[in-house]
Amino acid sequence: MADQQARTGGDKRPTEIPAIRWEEPPEGPVLVLLDQTRLPAEEVELVCTDASALVEAIRSLAVRGAPLLGIAGAYGVALAAARNFDVPEAARALEGARPTAVNLSVGVRRAESAYQAVLARTGDPTAAAVAALAAARALHQEDAEASARMAAHGLTLLDELLPAGGHRILTHCNTGSLVSGGEGTAFAVALAAHRAGRLRRLWVDETRPLLQGARLTAYEAARSGMPYTLLTDNAAGSLFAAGEVDAVLIGADRIAADGSVANKVGSYPLAVLARYHHVPFIVVAPVTTIDPDTPDGASIEVEQRPGFEVTEIVAPQVAAAGAAGGIPVAPLGTQAYNPAFDVTPPELVTAIVTEEGAVSPVTAESLAGLCARSRRTADPTPGSDIYR
């Protein structure tokens, strides 16, 4: 069950608006989400009292973005445990809510593993629920720390590739504090450049058809005082041709073992443009987004979304409800191809930046080495495997 409550934004910065939080009111624990389908017009919180409500919030994009989906998935398992629902059933429903985003299953499995380990040892479901919540909170904190490290590594890489400074960065979709326990992935790098006085311009793709760039990235950039300009997705080519882009920074929803990157649809064309114009194409994502069990890009399941998102102009909160009802922009009965993601092959990726550092060139061997180093330094919940 989910309820919505509105609140005013005031003068808060994006990092002061929690995209997700756990609360324990007298009537029982809940998970509170900032409903991203209502931004930028309204800041409305969605209160989930069970895992099924969270599943719907994930499917409707009220909560979205790879790192945040992992955090949400972990909290969803903890919520099911705390409210005495069937934990394995809730976990499988959460995992299936968005199949392309590997972080979601990582978070779900981490909290579920913590729950099952304590349950097997003690037979006490209450203690097991406490363990699941502790795992979710630990993942939340780790993501915040990873965000800061990615920003630092990304800025160092930018300065190495572009020593003249005055970076003009093109980004796609939304990768800021709205998708993270911290300040984000690719957006966090641009924000670090801004704070260091080295960001000349942030070019923001609107990101059709649901406009995550226009609604969310522009929202975060404005609140952070960053110099930014919004453009239609198909205007990016003219920017490259004019020499106005120094680097492309995007996030990722899944990175295959060979370095293929699944990200919001429209990312692959940017990689092709960047290669033609000799512009660095950089992916910023936590190590948990690397999926060694997915061998290559062809093995990544790409989510297909409803056609009406393309054939109609629909307010995001209406589209999130999963039903048509907007202004038609195509003849009645028009079929639409509407993949949520596309896949960029590793040979088009200049570097992948993670909290453990940057990998370039991007190869299966370099990614495997990165994951191995990360496993050696990580301290996951006992009995869990956060890299599966």
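Counting from 1, residues in each chain are numbered in the order their sequence is written. Local features in this predicted model are restricted to residues of pLDDT 70 or higher, and side-chain atom pairs are both shown and tallied only at a pLDDT of 80 or more, whereas totals for entire chains, interfaces and linings draw on every residue. Hydrogen atoms and water are omitted, and side-chain values are computed over all heavy atoms in the structure.

Glancing now at the overall build of the protein chain. In this description a helix means any DSSP run of H or I spanning at least four residues, a strand means any run of E spanning at least two, and both kinds are numbered starting from the N terminus. A count of helices and strands for the protein chain gives twelve helices and 17 strands. Using C-alpha atoms as the atom set, the radius of gyration is obtained and then compared with a globule rule of 2.2 Å times the number of residues to the power 0.38. The C-alpha radius of gyration computed for the protein chain amounts to 20 Å, which stays within 12% of the reference 21 Å derived for 388 residues, consistent with globular compactness. With the principal axes as the frame, the protein chain shows a C-alpha extent of 65 × 50 × 40 Å. The proportion of buried residues among the 388 residues of the protein chain is 56%. Here, residues are in contact when the closest pair of their heavy atoms is within 4.5 Å. Considering only contacts within the protein chain whose residues lie at least 6 apart along the sequence, 76% involve residues at least 24 apart. Residue-level accessible areas treat just the shown protein chains as cover; the underlying method is Shrake-Rupley with a 1.4 Å probe. Carbon and sulfur atoms provide 54% of the accessible area of the protein chain, an area that totals close to 15,300 Å². With 31 positive and 45 negative side-chain charges, the protein chain shows a spacing of 3 Å between the two charge centroids. Relative accessible area decides the class of each residue, using a 1.4 Å probe on protein chains only: under 20% of the type maximum gives buried, over 50% gives exposed, and in between gives partly exposed. Charge counting follows a simple rule: Lys and Arg are positive, Asp and Glu are negative, and His as well as the terminal groups are ignored. Positions of charges follow a simple convention, taking NZ of Lys, CZ of Arg, CG of Asp or CD of Glu.

Topologically, Thr289 is positioned in the loop between strand 11 (281–284) and strand 12 (290–291). Counted as a polar contact is a pair of N or O atoms within 3.5 Å, where, for protein atoms, one must be capable of donating a hydrogen and the other of accepting one, and residues adjacent in sequence contribute only when both atoms are in side chains. Looking at Thr289, its side chain comes within polar contact range of the side chain of Asn103, at 2.9 Å. Discounting residues that sit within four places of it in the chain, Thr289 has contacts with Val102, Asn103, Ala252, Asp253, Arg254 and Ile255.

DSSP calls a pair of strands paired once it identifies at least 2 bridges connecting them. Strand order in the open sheet made by the four strands is 12-9-10-15, with mixed pairing throughout. At either end of the open sheet lies a strand with only one pairing partner, and these are strand 12 and strand 15 (341–344). Where strand 10 (residues 261–264) lies against strand 15, four bridges are found, and the strand directions are antiparallel. In the sheet register, Ala262 faces strand 15, and the bridge partner there is Val343.

Turning our eyes to something else, we now look at the pairing of strand 3 (residues 30–34). By the criterion of burial, strand 3 is predominantly enclosed, with five of the five residues buried. Neither face of strand 3 is left uncovered, since the one carrying Val30, Val32 and Leu34 and the one carrying Leu31 and Leu33 both have all their residues buried. Pairing analysis gives four bridges linking strand 2 (residues 20–23) to strand 3, with the strands arranged antiparallel. In the sheet register, Arg21 faces strand 3, and the bridge partner there is Val32. Between the antiparallel neighbours strand 2 and strand 3 lie six residues, among them Gly28 with a positive phi of about 130°.

Under the convention used throughout, the expected extent of a helix is 1.5 Å for every residue step, that is, one less than its residue count. With 21 residues, helix 4 (residues 102–122) should reach 30 Å at 1.5 Å per residue; the first-to-last C-alpha distance of 30 Å fits that figure. Residue Gly123 follows helix 4 closely and has a positive phi angle near 70°.

Turning next to the nonpolar core. Take the buried residues of types Ala, Val, Leu, Ile, Met, Phe, Trp, Tyr and Cys, join any two whose side-chain atoms come within 4.5 Å, and each joined set is a nonpolar core. Grouped together as the largest cluster of nonpolar side chains are 46 residues, with contacts concentrated most on Leu31, Leu33 and Leu54. Contributing elements (two or more residues each) for this core: strand 2, strand 3, strand 4 (43–48), helix 1 (51–59), helix 2 (66–82), helix 3 (87–95), helix 4 and helix 5 (125–161). Among the elements that line this core, the one with the most residues is helix 2, at eleven residues. What Leu31 contacts, discounting residues up to four positions off in sequence, is Ile20, Arg21, Trp22, Leu46, Val47, Cys48, Leu54, Ala72, Tyr75 and Leu79. Within the second largest apolar cluster, 29 residues are counted, among which are Leu231, Phe240, Ala274 and Val279.

So yeah, pure geometry; function would need other evidence.
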